[in-house]
Amino acid sequence: MTVAAPAPAPAPPDPAVDPSGRRVIVTVVAIQSAACLGFFSVMAHLVAHLRHDLGLLAGTVGLILGVRVGLQYALLLPVGAVTDLLGARRTGAIACALRALGFVLLGGAESVGALLCAAVVLAAGGALYNPAAQSLLAGVGPARRSGGFAAYVTAQHIATVVGPPVGLLLLSLGPGFALLAGTAAAMWTVGGVLFLLLPQSGRKPAPTRFRDILAGVRTVLGDRAFLLFALMTAPTTLLANHVMTAVPLLGFAPGAATLCFCVLAAVAAAAQPFVAAGRRGERPWVLRLGLLCAAATFFVLAPLDGTQTGPLMLAAVLNGVANGLVQPAIFQRTARHAPPERFGSYYGVLAFCAGMFSFAGDLVVGRLFDLGPAGATVALIGVGAFALAAAAGTRGP
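Being a predicted model, the structure only gives us computed values, none of them experimental.

Enquirer: Mind showing me how you'd approach the side chain of Gln156 here?
Expert: Mapped onto the secondary structure, Gln156 falls in helix H5 (residues 142–171). Discounting residues that sit within four places of it in the chain, Gln156 has contacts with Gln32, Cys36, Phe40 and Gln327.

Enquirer: What exactly am I supposed to notice about the confidence of the model for the chain here?
Expert: Regions with low pLDDT carry predicted coordinates that are not meant to be interpreted in detail. Chain-level pLDDT for the chain is 83 on average; 91% of the residues reach the 70-or-more range. In the model, residues 1–5 has pLDDT below 50 throughout and makes 21 contacts with residues more than four positions away in sequence or in other chains. In the predicted structure, residues 7–17 sits below a pLDDT of 50 and forms 10 contacts with residues beyond four places in sequence or in another chain.

Enquirer: Just checking my understanding: could you explain the packing of aromatic side chains for this structure?
Expert: Both the distance between ring centres and the angle between the ring planes are used here to describe each pair of aromatic rings. Scanning all chains against the criterion turns up 12 aromatic pairs. Taken together, a centroid distance of 5.2 Å and an interplanar angle of 75° make the contact between Tyr129 and Trp188 edge-to-face. You can see Tyr129 sitting in helix H4 (residues 112–138) and its partner Trp188 sitting in helix H6 (residues 177–197), a full 59 residues away along the chain. The same class applies to Tyr129 as to Trp188, namely buried. Counting every residue linked through ring pairs, the aromatic cluster contains Phe149, Tyr152, Phe331, Phe343 and Tyr347.

Enquirer: Even after reading the chapter, I still don't get a nonpolar patch on the surface, so can you show me in this structure?
Expert: On the surface, Leu292, Phe299, Ile381 and Leu388 cluster together into a nonpolar patch covering about 330 Å² of accessible area. Elements supplying a minimum of two residues to the nonpolar patch: helix H12 (284–301) and helix H15 (373–393). Note on placement: Phe299 falls in helix H12. Exposure remark for Phe299: the relative accessible area of 36% places this residue in the partly exposed category.

Quick notes on the rules
- Residues numbered from 1 in each chain as written.
- Predicted model: local features only at pLDDT ≥ 70, side-chain atom pairs only at ≥ 80, totals over all residues.
- Heavy atoms only, no water.
- Helix = DSSP H or I, 4+ residues; strand = E, 2+ residues; numbered from the N terminus.
- Contact = heavy atoms within 4.5 Å.
- pLDDT = per-residue confidence, 0-100.
- Phe/Tyr/Trp six-rings, centres within 6.5 Å; stacked < 30°, edge-to-face > 60°.
- Buried < 20%, exposed > 50% of the residue type's maximum accessible area, 1.4 Å probe, protein only.
- Patch = residues over 30% accessible without salt bridge, like charges linked within 9 Å, V, L, I, M, F, W, Y side chains within 5 Å.
- Areas by Shrake-Rupley, 256 points an atom, 1.4 Å probe, with all protein chains shown as cover.
- Salt bridge = Lys/Arg side-chain N within 4 Å of Asp/Glu carboxyl O.

Right, here's the structure in full:
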């Protein structure tokens, strides 16, 4: 089955928004830089910490990672609508405070229960952060939006390149993982302060009522074209994130894994000027090409055993191209389709579908890795097949 991408709806001008959106873009990009530097410096080494330092089975590692991703995206179903009601500035500050607390808890956790508690707090913070940051970018004028989002994604990937080596350096110091997690908490605190420095909008957010949240979700669920688009692109979160889990579990050393993540991020960042120019991210072939590159990534990874660095770098380049194309393509289509006052709700439903798919995928893949090399190969081929199905199922108007 193929589905058309949601048709764009004209966005009425908002006199309360700076026509250039420059201050909003600069501030959101700074927030993204601080937040991602903290996040990826930890996440690039978390699997190795759980597997080797704490001695957890691959299935347990998959459970912890899956709880964070699954709960984060499950919460987006109501939280996207809450962002519309509370306002992006306030929601973002709360998000950063929760993420900082989550990393503090993660740094001191030694039992599975404590790790799951940290995962829940991190998930709640992440659920609030993403719709807040992207709602701010969606609210700038169409002429600036594409370039603003490209800068936002570029900041993420630059931080991804810098983060793993910084994490490796912090791990080599005395306190080890506790110091790394504490540094991440500090970076998220900086992000929360920057959210508060954004100018307040001219209107006060309406009081949040449960029925208003439900109304926002119902509006999106009643939009059949967008809902089908969200379902067909559901594998994208698993495709973007699973490389960071699969590479360590395949047995690659921390140095090789770090190099892989840096190459991946550098390629994704380098793709942003191309995607932003002429608003290419809105064109259907960009999303499809990104999904095909994601499929190729996992087909290259499937036969590896932790010793072949050359094919690993090829997979990193392919996944970098995939991430560089898919993320802005989905944002641009959603921003064009969703009414400005409902962007959080639309983003919430889209991310909910992707997160639930990623949660289920992480659990299944973790179990397959525990079965040995044959199970790992089946898991990675399966992930690549989902990417092919998504590419076949999405098309433009």
